[in-house]
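# Tertiary structure, described
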Amino acid sequence: MIHVLIVEDDPMVADLNKKYVEQVGGFHLAAMAANVEEALRYLDECDVDLILLDVYMPGRNGLQLLKGLREKDERVDVILITAASEKEQIQKSLRLGVVDYLIKPFEFERLQGALIKYKENYAVFQDKDNVGQEEIDRIFTAQENRQEKNRIQVPKGLTQNTLELIIRIIRKKENRAFSTDEIAQDTEVSRVSVRKYLKFLKEIDFLEETLVYGVGRPVYQYQIKNTDDLDLEFYH
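Residues numbered from 1 in each chain as written. Predicted model: local features only at pLDDT ≥ 70, side-chain atom pairs only at ≥ 80, totals over all residues. Heavy atoms only, no water.

Another point: the overall build of the protein chain. Looking only at helices and strands, one finds nine helices and 10 strands in the protein chain. If you line up the protein chain on its principal axes, its C-alpha atoms span 70 × 40 × 35 Å. For the protein chain, with 236 residues in total, the buried portion stands at 37%. For the protein chain, restricting intrachain contacts to residue pairs at least 6 apart in sequence, the fraction spanning at least 24 positions comes to 61%. (Helix = DSSP H or I, 4+ residues; strand = E, 2+ residues; numbered from the N terminus. Buried < 20%, exposed > 50% of the residue type's maximum accessible area, 1.4 Å probe, protein only. Contact = heavy atoms within 4.5 Å.)

Spelled out as structure tokens, the structure:
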């Protein structure tokens, strides 16, 4: 289990990041800190493998915390989640050894991908004194190769925002069967449009479709068939 410390001064953002972490298997939320001082205290009290760190906070900022951790040679990894998009900030973060850098606002899938990649790399170093070149190459290249291999082209007429919204709603069903009308109501997207998105998700084997007979007209019911993450490529 990978123990995570969230360092974020905005309670709403911190809670959202907490929910995101809890949705990815293999991670445990060790603590949440609103500033650098709290973060340092939790680092002394808790086992922490990974910090999700904001930059802009009252008092000392996230980069100052990161620099201090590196100077003390703390055995903890850091993913920056911040609104800071200045070139100098990003370069400084990379030189201080962050494993990823997410600029707010971001989609859940972006953080999910960062956590999954981190978990895969973390596993390489467990119970090993030496790591071979092949495993090192896999750390630096596997994610890029996997994304190219698994990229799915989305037909014209389907928008990225709507498709991602529908997928998020579907995942919340916790593998429960649902209808087109139910998704249309939850997303406030027209039933006709929702039907097009569900048809596409069925065609790529993300969903399975069943015709259910009852009182009145038959109704198509859907259920998640493939729980893997989707790497979607949209036409522009």
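Back to the text.
Right, let's get into the sheet that holds strand E7 (residues 178-179). Pairing within the open sheet is antiparallel, and its three strands lie in the order E7-E9-E8. Looking at the sheet topology across the chains shown, the edges are occupied by E7 and strand E8 (207-212). Inspection of the sheet shows E7 paired to strand E9 (residues 219-224) by two bridges, in the antiparallel sense. Bridging from a neighbouring strand, Phe178 pairs with Tyr222 of E9. (Pairing = 2+ DSSP bridges.)

In this section: the side chain of Asn17. Its place among the elements puts Asn17 in helix H1 (residues 11-22). Using a relative accessible area of 3% as the deciding quantity, one classes Asn17 as buried.

Turning our eyes to something else, we now look at the packing of aromatic side chains. Per the stated rule, a full pass over the model turns up four aromatic pairs. A network of ring pairs unites the aromatic residues Tyr20, Phe106 and Phe108 as a single cluster. For the cation-ring pair, Arg41 lies above Tyr42, with the distance from its terminal atom to the ring centre recorded as 5.3 Å. Geometry around Tyr220 places Arg195 over its ring, the cationic atom sitting 5.0 Å from the centre. (Phe/Tyr/Trp six-rings, centres within 6.5 Å; stacked < 30°, edge-to-face > 60°. Lys NZ or Arg CZ within 6 Å of the ring centre and 35° of its normal.)

The next subject is helix H8 (residues 180-187). Residues separated by three or four positions in an α-helix point in the same direction, a consequence of the helix having 3.6 residues per turn. Turning to H8, its buried residues are Thr180, Ile183, Ala184 and Thr187. An end-on view of H8 places all buried positions within 100° of arc, on one side of the element. Two residues or fewer past H8, Glu188 is found with a positive phi of approximately 60°. (Arc of directions from axis to C-beta.)

Turning to its location among the elements, Asp54 is positioned in the loop between strand E3 (50-53) and helix H3 (62-71). Sequence spacing of Asp54 and Phe27 is 27 residues, and the spatial spacing of their C-alpha atoms is 19 Å. Leave out the neighbours within four places in its chain, and Asp54 touches Val7, Glu8, Asp9, Gly62, Ile81, Thr82 and Lys104.

Low pLDDT means the predicted atomic positions in that stretch should not be read closely. Of the residues in the protein chain, 90% reach a pLDDT of 70 or more, and the chain-wide mean stands at 86. Per-element confidence in the protein chain ranges from a low mean pLDDT of 58 for helix H6 (residues 133-150) to a high of 97 for E3. Ignoring residues within four places in sequence, the model shows residues 145-150, a span with pLDDT below 50, making three contacts including any to other chains. (pLDDT = per-residue confidence, 0-100.)

Right, let's talk about unusual backbone geometry for a bit. Cis geometry is found at the peptide bond from Lys104 to Pro105, where omega equals -10°. Here Pro105 is to be found in the loop between strand E5 (100-103) and helix H5 (108-124). With a phi angle near 55°, Asp73 is a residue other than glycine that sits in the positive phi range. Structurally, the position occupied by Asp73 is in the loop between H3 and strand E4 (77-82).

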